[in-house]
Amino acid sequence: VQLQASGGGLVQAGGSLRLSCAASGRTFSSYIMGWFRQVPGKEREFVAAISRSGGSTYYGNSVKGRFTISRDNAKSTVYLQMNSLKPEDTAVYYCAADWKGVVVTTTPIMYDYWGQGTLVTVSS
């Protein structure tokens, strides 16, 4: 599957952005989908994940209550709605797809496919 992330940009603290990740290739509903982020010099951090049906969602502690992950299997797209953004949310955001997993995982190495990343910059 090929993943194309978009929607990043520059936003002021307290603002909102919505990231999108469009998939092509295998049936999108076959994949658990996740969002991760990374800043230079740090490990890739789990942000959010969603089950194949969209019925279950999971969030990292730092974004819980502010970010919402969703998916539209008919459009082969996963979204990340980011509200109340903080400067510490500044990072490159990556979408990822897990083909083999039985349950949703927060571990990057368990994801099989990755998008190219989209930069989110939150100014103070």
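Note that the structure is a prediction, hence the values are computed from the model and not measured.

S.K.: What is the right way to look at the packing of aromatic side chains in this model?
M.R.: What describes a pair of aromatic rings is the distance from one ring centre to the other and the angle between the planes of the rings. Counted under the stated rule, the structure contains 7 aromatic pairs. An angle of 55° between the planes, with centres 5.1 Å apart, marks the rings of Phe 36 and Trp 114 as tilted. One end of the pair, Phe 36, is in strand β4 (residues 32-38); the other, Trp 114, is in strand β10 (residues 113-114), with 78 residues separating them in the sequence. The exposure class assigned to Phe 36 is buried, which follows from its relative accessible area of 0%. The partly exposed category is assigned to Trp 114, whose relative accessible area is 28%. Taken together, the aromatic side chains of Phe 36, Phe 46, Tyr 94, Tyr 111 and Trp 114 make up a single cluster linked through ring pairs. The ring centre of Tyr 94 lies 3.9 Å from the NZ or CZ of Arg 44, which sits over that ring. The aromatic ring of Phe 28 is capped on one face by Arg 71, whose charged end is 4.5 Å from the ring centroid.

S.K.: So what exactly am I meant to see when it comes to the pairing of strand β9 (residues 91-98) here?
M.R.: The side chains of a regular strand alternate, residue by residue, between the two faces of the sheet. For β9, the tally of buried residues reaches 7 of 8 residues, placing the bulk of the element in the interior. In the sheet, β4 pairs with β9 via 7 bridges, with the strands oriented antiparallel. In the sheet register, Gly 34 faces β9, and the bridge partner there is Ala 96. Where β9 lies against strand β11 (residues 118-123), 3 bridges are found, and the strand directions are antiparallel. For Tyr 93, the partnering residue across the bridge sits in β11 and is Thr 118.

S.K.: Just checking my understanding: could you explain the pattern of salt bridges for this structure?
M.R.: It is possible for side chains of opposite charge to pair when their charged atoms get near one another. Using the criterion set out here, one finds 4 salt bridges in the structure. Between Arg 37 and Asp 89 there is a salt bridge; the shortest N-O distance is 2.9 Å. Here Asp 89 lies in the loop between β8 (77-82) and β9 and Arg 37 lies in strand β4, a separation of 52 residues in the sequence. Both residues of the pair, Arg 37 and Asp 89, count as buried. Connected via shared salt-bridge partners are Arg 37, Glu 45, Arg 66 and Asp 89.

Quick notes on the rules
Residues numbered from 1 in each chain as written. Predicted model: local features only at pLDDT ≥ 70, side-chain atom pairs only at ≥ 80, totals over all residues. Heavy atoms only, no water. Phe/Tyr/Trp six-rings, centres within 6.5 Å; stacked < 30°, edge-to-face > 60°. Helix = DSSP H or I, 4+ residues; strand = E, 2+ residues; numbered from the N terminus. Buried < 20%, exposed > 50% of the residue type's maximum accessible area, 1.4 Å probe, protein only. Lys NZ or Arg CZ within 6 Å of the ring centre and 35° of its normal. Pairing = 2+ DSSP bridges. Salt bridge = Lys/Arg side-chain N within 4 Å of Asp/Glu carboxyl O.

Functional significance is not addressed by these values, which are geometric in nature.
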